[in-house]
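# Examination of the molecular architecture
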Amino acid sequence: MAIPTKPRFSKNYFLYKVRYFLEEFRHRDKPGVEVLANPEQMHVLDKVKYVAGSTVSASQKLEHILNPWVMFLIMPVFAFTNAGVELNSIADLHVIGTRQGLGILLGLVIGKPLGIFLFCWLTIKMGLSALPANASWNSLLGVACLGGVGFTMSIFINNLAFAGTEWVDTGKIAVLIASVTSAVFGSLVINFLVGRKRGAKRQAHTSVTE
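Here's what I pulled together on the structure shown here. (Residues numbered from 1 in each chain as written. Predicted model: local features only at pLDDT ≥ 70, side-chain atom pairs only at ≥ 80, totals over all residues. Heavy atoms only, no water.)

## Some points on the overall build of the protein
A count of helical and extended segments in the protein gives seven helices and zero strands. Reading the secondary structure of the protein in the N-to-C direction produces α-α-α-α-α-α-α. Within the span of the protein, comprising 210 residues, buried residues form 24% of the whole. Per element, the accessible surface of the protein, about 15,100 Å² overall, is 67% carbon and sulfur. (Helix = DSSP H or I, 4+ residues; strand = E, 2+ residues; numbered from the N terminus. Buried < 20%, exposed > 50% of the residue type's maximum accessible area, 1.4 Å probe, protein only. Areas by Shrake-Rupley, 256 points an atom, 1.4 Å probe, with all protein chains shown as cover.)

So this is what it looks like as structure tokens:
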């Protein structure tokens, strides 16, 4: 509540000052002298940096800084500890070789992505929905693969299905392994099917332009 949500300078003021500083930067230019060796230009750049930083509110800056820490550290640790998953040794990973572990792994890594992709394909073909702008079937497949990351809800269902049995703990471990597998597999699919295709299009566009 105490962190400012409004920036010190507006966008219009930022545009006005940047244009002014740009002209000043050009005026202070000395042929053959690098920027670092020109204290007057360095002073102009410091003023641009101050105005640019003040055009973003303190809360937005803090949110931007904390976002990767929250997404990739705090939330996974919170979900992991809140779920009560306990790994005592590598031997606990043998659950994947059991029928329970194999069922959970196949359900999350293959079943969920297949269901998501086929349902989306069906609704699009029926005209009930449409692919987002600039999206492709490959990108939809990649997102569907990431849908296998079903950590919290999957563990909730695991607790209901195996309540009162020793399978609760092994089920949690299997869900954790399946979620990590889905995250890695989905990332690889997006990288190879979507990333490479966009890179090829960008390279082709560059070649045509040249």
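Still to come is the rest of the account.
## Overview of the packing of helix H1 (residues 11-27) against helix H2 (residues 39-54)
Interaxial distance between H1 and H2 falls to 10 Å at its minimum, and their mutual angle equals 170 degrees. Judged by the angle between their axes, H1 and H2 are roughly antiparallel. Two secondary-structure elements touch here, H1 through Phe14, Lys17, Phe21, Glu24 and Phe25 and H2 through Gln41, Val44, Leu45, Lys47, Val48, Val51 and Ala52. Split into classes, the residues belonging to the contact of H1 with H2 amount to eight nonpolar, one polar and three charged. (Axes fitted to C-alpha atoms, helices over the stretch in contact; angles between N-to-C directions. Parallel < 35°, antiparallel > 145°, perpendicular 65-115°, else oblique. Contact = heavy atoms within 4.5 Å. Nonpolar A, V, L, I, M, F, W, Y, C, P; charged D, E, K, R; others polar.)

## A word on H1
In this model, H1 (17 residues) spans 24 Å end to end at C-alpha, consistent with the 24 Å of a helix rising 1.5 Å per residue. Where H1 is concerned, the buried positions are Lys17, Phe21 and Glu24. For H1, the angular spread of buried residues about the axis comes to 55 degrees, placing them on one side. Structural note: H1 exposes Lys11, Asn12, Tyr16, Arg19 and Arg26 on the side pointing more than 90 degrees away from its buried face. (Expected span 1.5 Å × (residues − 1). Arc of directions from axis to C-beta.)

## Focus on the packing of aromatic side chains
Within this structure, the stated rule accounts for five aromatic pairs. Relative to tryptophan 137, the ring of phenylalanine 117 lies with its centre 6.0 Å away and its plane at 70 degrees, an arrangement referred to as edge-to-face. Of this pair, phenylalanine 117 sits in helix H4 (residues 99-125) while tryptophan 137 sits in helix H5 (residues 137-146), and the two are 20 residues apart along the sequence. On the accessibility criterion, tryptophan 137 (31% relative accessible area) is partly exposed. Within the aromatic cluster, the residues linked to one another by ring pairs are Phe9, Tyr13 and Tyr50. (Phe/Tyr/Trp six-rings, centres within 6.5 Å; stacked < 30°, edge-to-face > 60°.)

## Some words on the pattern of salt bridges
Counted by the stated rule, this structure contains three salt bridges. When the shortest N-O distance is used, the salt bridge between lysine 47 and glutamate 24 registers 3.3 Å. Of this pair, lysine 47 sits in helix H2 while glutamate 24 sits in helix H1; the two residues are 23 residues apart in sequence, bridging distant segments of the chain. Its relative accessible area of 25% is what places lysine 47 among the partly exposed residues. Residue classification places glutamate 24 among the buried positions, given a relative accessible area of 14%. For arginine 28, the salt bridge is made with glutamate 40, and the minimal N-O distance between the two is 3.9 Å. Pair noted here: arginine 28 is in the loop between H1 and H2 and glutamate 40 is in helix H2, with a separation of twelve residues, a long-range link. (Salt bridge = Lys/Arg side-chain N within 4 Å of Asp/Glu carboxyl O.)

## Observations concerning the nonpolar core
Ile104, Leu108, Phe151, Val175 and Ala178 are the most contacted members of the largest nonpolar core, which has 13 residues in total. For this core, the elements supplying multiple residues, two or more each, are H4, helix H6 (151-161) and helix H7 (167-209). For this core, the leading source of residues is H7, giving five residues. Ignoring sequence-local partners within four residues, the contact set of alanine 178 consists of Ile104, Leu105, Leu108 and Val109. (Core = buried A, V, L, I, M, F, W, Y, C linked by side-chain atoms within 4.5 Å.)

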